[in-house]
Amino acid sequence: MTSPGNPDQHTGAVTLSDLPRKELSRRLKGEGLCLEIPPFVTRIRSPFAIVEEGLSTLYAHHRVFEGARHFADFHVEVDIRRRFFNPLCVFKTDGLEPFTPLAAGEAFAFLEWGMNWCISSYCHTWVTVHSAVLERDGRAVILPAPPGSGKSTLCAALALNGWRLLSDEMALLEPETGLLTPSPRPVSLKNESINIVRNLSPQVVIGPVAHDTMKGDVAHMRVPAQSLERGHEPALPAWLIFPKYQAGAATQLLERGKALSFMQLADNSFNQGGQGRRGFDALTRLIDRCDCYDFTYSRIDEAVAAFARLPMPPEPGAGAMQAV
Amino acid sequence: MTLPSIKLLVDGLNRPQTLLALDDAQWDLLIRQGRAADVLARLAAHCEAADVLGQLPQRPRRHLVSAAILTDRQHRELRLEVRHIQEALARAKVPLVLLKGAAYVMAGLEASKGRMMTDVDILVPRSALPEVESALMMRGWVTAAKTPYDQRYYRTWMHELPPMQHFHRGTSIDVHHAIVPLTARARPNSDQLLAAAITLPSISTGASRALAGTVAVQCLAPADMLLHSAAHLFHEGELEQGFRGLIDLDALWREFSRDAGFADQLVARAVDMDLARPLFYSLRYCHLMLETPVPAAVFARLAVQPGASPSTWQLALMDFLFLRALRPFHATTSDAWTSLARFALYLRGHWLRMPPWLLAIHLTRKLFVRNKPDESESDTNNPQNNGTANIRTAKREV
């Protein structure tokens, strides 16, 4: 019989860290761990120790729900595909396998990638954009990012320096309101950036490292507690910044044309095309209310300082284009 | 033996108001089953028609609306694609007769509500196949059959050209010249189908100059459309989309049977076309599984037609197999026998499509020759590309 943990006084909420490790293990191997990752609830199953480890470390402050009768948006598992001689794992969502198997050591990372897939495949009430999203003083910055741009390192650093993390991977834009819905999940880091981020602050918590993946070493940083606490609070976008890490470069913020920014934003969107007019209008309004920049940097401390100095664009309504 | 329940889905589709009373656990199950059966968008459409969608709890509602957004997009793209095909076929001077999903959408039928489709199926006279193929190739469609065996399989033995894919748009077209394979034992007459085809006026005449000189867009007559759907479902071996096929039949029946003379016409046409048996199974399983309102008189009339009723043991066997295999492809709607049932029907599907000697060759080949995976698949199926996998190629396990 499990102990009831420390329910939050107001909501009766239990977080993952309140569960005894044995109970976490039992749920993962049994009916599944019902985990709230705002705005979704996910039921997770896996026999892998590394998945248990990753969840225990990186989702410690996320809420969990009891029993098998809660509504879950996604039912996911990372299961054993082969036990011996180069063991493999495979991601499944309710029996469907969208991906080919990976080495068993990547099981936790596979879970994260798989959950991203679920969101981009099944969640079209938002326009989804592949980017990081952070917020300060009520306004949000969107950092669209092809691989190699250094977005994740920058995102982690900002999240540790006064910015609230909404997502490191995916912006969820509500077409009707123009607001960004948070979905705070661990920040995924590769190779050198794992140690760079580890050294940014004593409060940084890094989860298990997967070696020899296609991207090299992969690990994740836990979402800072304040970001998670406000995980249900949407934010209005203010800046659209295209980051580029360039060794030895001076820190530089350059204004960028809105038309070009729109094109590149659309390129980074998984589903704006599929939404037709609605998607197009949503991105147009986003561009209208955002200041758009290219950002080059090589030093993370300078980058953080530059972001702290970003001028706040005017409130929407003052000169912004009216909705069609 | 009780079969796994599909009550949640059927109640939701037939009486959307009942959804207002569902608890969390029921919603959880419904969304999972609905997604596996590819009917979430249809549920959304039924809820909207019953004015219930806005009152549903937010989490499940998001999933329904999401699915509807995807199908809306497919329908939009389909309309564009039909326009392209119409222009291409002007060269071949044959009318564009749409089949299945494409027909439902372009004709604005109930069966089109929330229905996902990934390619366009058309019917042309067998004699026109060469011109149709070259007309499509002139406009950028390329055959997808990779090996000489595949080419022969489609052209000689089945009833279609190998599927063609547009090199630029990536869209797919299946060109049929019959609605069941040439090698099948039943032989409905394609000329009769084409002769009875109905022109869709608003699309064919069109107002813009661009449409001048293009061909008429047609679909099969109602009875033929339903019979085609029946033939397709009950001659088909792979029933992963079986539940969706049943939903199509249910929708077509409900809409067309509003016309008083339809049932008699349907039965007569089925006998004419040698499709009485698939019609029998269609109406039976729609009625048993989806509560489709088919009057007893219609069953009685059909039962006495030549070839319509299976023998008692055959019916018992088909019930055992189809009541399982036509359920959604999901763990919660399957029992211990479902895998076996699906496999048995897979074999039956082949048996119906080709004579025994050909079947033996075909299955032997399948057993020993493994297709090499597509180069492009290995890239999109790699999760480290940030999850841009092709959903259609995803494997499902029950």
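These notes cover the structure that comes with them.

What counts, and where the lines are drawn
Residues numbered from 1 in each chain as written. Chains lettered and ligands numbered in written order. Predicted model: local features only at pLDDT ≥ 70, side-chain atom pairs only at ≥ 80, totals over all residues. Heavy atoms only, no water. Contact = heavy atoms within 4.5 Å. Buried area = accessible area lost by both parts, 1.4 Å probe. Salt bridge = Lys/Arg side-chain N within 4 Å of Asp/Glu carboxyl O. Polar contact = N/O pair within 3.5 Å; in protein donor to acceptor, adjacent residues only side chain to side chain. Helix = DSSP H or I, 4+ residues; strand = E, 2+ residues; numbered from the N terminus. Buried < 20%, exposed > 50% of the residue type's maximum accessible area, 1.4 Å probe, protein only. Axes fitted to C-alpha atoms, helices over the stretch in contact; angles between N-to-C directions. Parallel < 35°, antiparallel > 145°, perpendicular 65-115°, else oblique. Nonpolar A, V, L, I, M, F, W, Y, C, P; charged D, E, K, R; others polar.

1. Focus: the interface of chain A and chain B
Contact with chain A, which involves 43 residues of that partner, is made by 33 residues of chain B. Interface of chain A and chain B: buried area, both sides summed, is about 3500 Å²; carbon and sulfur atoms make up 53% of it. When residues of chain A are sorted by the area they lose upon contact with chain B, F71, D94 and Y122 of chain A head the list and together hold 19% of the total. Inspection of the region where chain A meets chain B yields three salt bridges. Our count for the contact surface shared by chain A and chain B stands at eleven residue pairs in polar contact (both at pLDDT 80 or more). When contributions to the side of chain A that touches chain B are tallied by element, the ones reaching two or more residues are β3 (40–45), β5 (74–82), β7 (96–97) and α3 (107–122) of chain A. Top contributing element to the side of chain A that touches chain B by residue count: α3 of chain A, with six residues.

2. Quick word on the side chain of T153 of chain A
Residues and elements named next belong to chain A. Tracing the backbone through its elements, the reader meets T153 in helix α4 (residues 151–159). Taking the relative accessible area as the measure of exposure, T153 reaches 12% and is therefore buried. Excluding residues within four positions of it along the chain, T153 makes contact with L189, S193, I196, V197 and I300.

3. Topic: the packing of helix α16 (residues 338–353) of chain B against helix α17 (residues 356–368) of chain B
All names here are of chain B. Between α16 and α17, the least distance of the axes is 9 Å, while the angle of their chain directions is 130 degrees. The angle between α16 and α17 places the two elements in the oblique class. Here α16 contributes Y346, L347, H350 and W351 to the contact with α17, which in turn contributes P356, L359, H362, L363 and K366. Classifying every residue of the contact of α16 with α17 by side-chain character gives six nonpolar, two polar and one charged.

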